Amino acid sequence: MDPDLSDFSEQIALDPTQFIGIPLALIGAVFLSLGAQFQHRGVVKVESSTVDTLGKGLSFAQLALLLARPSWVVGTLMLGLAIVFQLSSLYFAPIIVVQPLGAIALVITSILNSRVSHVKLNHKSIISIVMCVGGVFLFVGVAAFTAVDRPITDQHLITILVILAIVLALAGVAFGMFRHRIRAIFYVIMAGVLYGFVATLAKVVLGRLQQGEFEWLTVLCVIGLLLATALGAYFVQNAYASGPPDLVIAGLTVVDPMVAVVIGIVVLGEASQAPLWANFVFAIAGAIAVWGVFILARNHPQTRL
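Not measured: the values here are computed from a predicted model. (Residues numbered from 1 in each chain as written. Predicted model: local features only at pLDDT ≥ 70, side-chain atom pairs only at ≥ 80, totals over all residues. Heavy atoms only, no water.)

Enquirer: Which residues make up the overall build of the protein chain, and what are the values?
Expert: Scanning the protein chain from terminus to terminus reveals twelve helices and zero strands. Scanning the protein chain from its N terminus toward the C terminus, one meets helices and strands in the order α-α-α-α-α-α-α-α-α-α-α-α. Within the protein chain, contacts between residues separated by at least 24 positions form 88% of all contacts whose residues are at least 6 apart in sequence. (Helix = DSSP H or I, 4+ residues; strand = E, 2+ residues; numbered from the N terminus. Contact = heavy atoms within 4.5 Å.)

Have a look at this one:
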């Protein structure tokens, strides 16, 4: 083999099989975008035909009515397919490589929503979307050449579950105390945080199964995954009721992977082989992407203030 090619291949942390996770994640992003658009349509129709609950959270009656909306059901099925592809990508590759790729859904959703709602994105909204996607892809570009999969230990599981328990408690308390003043950005951020844990726990469970380990800690991971998924899904529906779908997707495809990535780096050690400069790029790229979400929340023409 040519010496230059040999040196280049040694710099790539992922093996060829792990690269399979990247196209799977991109397909999942397409289904995520389409699912969000259909679900948003169903939530808006239900909310417009019932008592206004803006800032109070959707009622159980409204949640039940969603099941009768074909658009919401189709959107849910598409999101289910998105999850299948996401889990498949996590099976092959590290979290910090494939999880951020969902940001492509933000571009697709923004275009679809603009066409469907006949609302043209303003200049600041476009800049914020570019910040979100650009920051995420800069992150992935570096991660693809520095990330590694690590064996998942019992200590990893305990640490993740303790952090999740604290997050679930804080989310519940915040929602209970401030639900009458909550707007879309709260739901978007909290849903993103919770889904970040969902992705991490899914990766953990898949890793434990690969290692042939399925005991009480793995069962706790499954329970935590289901709880985080349920509360996150409720927050997402409320976000649809108080904000445009591209804002919701911006939060899910930026906050979600950033949380998963932080856990992957700090707890699972997926960036243990990354050089110092790569860690600086991670921090800068993450800050750009997250700031883009806040700018989009403030300047999107469909955001309810």
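Enquirer: Just give me the short version of the packing of helix α9 (residues 184-210) against helix α10 (residues 216-242), but keep the residues and values in it.
Expert: Direction vectors running N to C along α9 and α10 enclose 155°, while the axes themselves pass 8 Å from each other. Judged by the inter-axis angle, α9 sits roughly antiparallel to α10. Seen along the crossing, α9 lies across α10 with a hand that is left-handed. Residues of the contact of α9 with α10, tallied by class, amount to 22 nonpolar, six polar and one charged. (Axes fitted to C-alpha atoms, helices over the stretch in contact; angles between N-to-C directions. Parallel < 35°, antiparallel > 145°, perpendicular 65-115°, else oblique. Left-handed = near helix turned anticlockwise from the far one by under 90°. Nonpolar A, V, L, I, M, F, W, Y, C, P; charged D, E, K, R; others polar.)

Enquirer: Lay out the packing of aromatic side chains in plain terms, naming residues and giving numbers.
Expert: Scanning the model with the defined rule gives six aromatic pairs in all. Here Phe31 and Phe85 contribute two aromatic rings whose centre-to-centre distance is 5.8 Å and whose plane-to-plane angle is 15°, an arrangement assigned as stacked. Here Phe85 lies in helix α4 (residues 70-92) and Phe31 lies in helix α2 (residues 21-48), a separation of 54 residues in the sequence. On the accessibility criterion, Phe85 (23% relative accessible area) is partly exposed. Look at Phe186 and Phe235: their rings are 5.9 Å apart centre to centre, the planes differ by 70°, and that puts the pair in the edge-to-face class. Residue Phe186 is located in helix α9, and its partner Phe235 is located in helix α10; the two are separated by 49 residues in the primary sequence. Put simply, the rings of Phe186, Tyr187, Tyr234 and Phe235 touch in pairs and so form one group of aromatic residues. (Phe/Tyr/Trp six-rings, centres within 6.5 Å; stacked < 30°, edge-to-face > 60°. Buried < 20%, exposed > 50% of the residue type's maximum accessible area, 1.4 Å probe, protein only.)

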